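Secondary and tertiary structure notes
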Amino acid sequence: MSESEKYSSIKNWAENDRPREKLLILGPNALSDSELLAIIIHSGSKNESAVDLSRRILSDSDNDLSTLSKKSVEQLMTFRGIGQAKAITIAAAMELVNRKKFSSSDTRQILSSKDVYEEIYHTLVDKHIEEFWLLILNSKNKIKSKTKISTGGTNATIVDVKFVMKKAVESLAISIIVVHNHPSENPNPSDADINLTNKIKNACHFFDIKFLDHIIFAGNNYYSFADEGKL
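Overview of the structure. Position labels on residues start from 1 in each chain and follow its written sequence. Per-residue local features are limited, in this predicted model, to residues with pLDDT of at least 70; the limit for side-chain atom pairs, both in listing and counting, is 80 or more; totals at the level of whole chains, interfaces and linings are taken over all residues. As a rule here, side-chain values cover all heavy atoms of the structure and leave hydrogens and water aside.

**What to know about the side chain of glutamate 131**
With respect to the helices and strands, glutamate 131 occurs in strand E1 (residues 131–137). Judged by its relative accessible area of 4%, glutamate 131 falls in the buried class. Throughout this description, a polar contact denotes any pair of N or O atoms lying within 3.5 Å of each other; where both atoms belong to protein, one of them has to be capable of donating a hydrogen while the other can accept it, and for residues adjacent in sequence the pair is counted only when both atoms sit in side chains. At a separation of 3.0 Å, a polar atom in the side chain of glutamate 131 contacts the side chain of tryptophan 133. Secondary structure counts use DSSP, requiring at least four H or I residues in a row for a helix and at least two E residues in a row for a strand, with both numbered from the N terminus. Here's how the labels work: a residue is buried when its accessible area is under 20% of the maximum for its type, exposed when over 50%, partly exposed in between, all with a 1.4 Å probe on protein chains only.

And the structure:
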């Protein structure tokens, strides 16, 4: 039997087994990760279906979408059957997932550091460089807005406290929370983190704004200055 005979095109599958048709009939939740990825990359190769190619890509990422989302276009192109166009499409799809915003952000009430962590998770989970974010809250501890203040390198980002306070004052903030990530996934604060926290705390006191917390996001873990009694 030739390789072409061994290969079974998606077009020859039963309708319910074809990813696109399956999605139309059963909805996206019924599809596996490999089937969804197959729809994204659209086609396979002469000897490999899009689903088989997707399974191979996911297998190399330990079947973990978070791991896959960290791959660059160049890394994706190392897979046989993935050219630049498909690699760009995959990278774009993964970035959309990373940019997912909680639809309830304007009404989400923050009652603990865990709430903050969950709110910012999809924003920071796969970032390879440090980012510093400001969360503006109203009198009911509900988030009014999230603003990225700065972007840095793999080990640090420069934060201008005056700019943080300018954003807070312009928004008539009742209280604020700041968050930054450690790409190393080490949640422990550096001396610079501690110094910055104290500066923001003093500035908030001057403007009569409540400084509720500074969260260091570290992948599956986080550090809360408030929880540790550092505020």
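That covers the picture; the talk isn't over yet.
**Concerning helix H10 (residues 191–206)**
Expected helix span is given by 1.5 Å per residue-to-residue step, counting one fewer step than there are residues. Under the 1.5 Å per step criterion, the end-to-end length of H10 is 23 Å for 16 residues, consistent within 8% with the ideal 22 Å. Those residues of H10 lying buried are Asp193, Leu196, Thr197, Ile200, Ala203 and Cys204. The arc that holds every buried residue of H10, seen down its axis, measures 130°, which confines them to one face. Away from its buried face, by an angle of more than 90 degrees, H10 presents the exposed residues Asp191, Asn202, His205 and Phe206. The contact rule is simple, with two residues in contact once any of their heavy atoms fall within 4.5 Å. Here the buried face of H10 lies against E1, helix H9 (161–170), strand E3 (175–181) and strand E4 (210–218). Count one or two residues on from H10 and you reach aspartate 208, which has phi positive near 55°. Think of it as the arc spanned by the lines of direction from the helix axis to the C-beta atoms.

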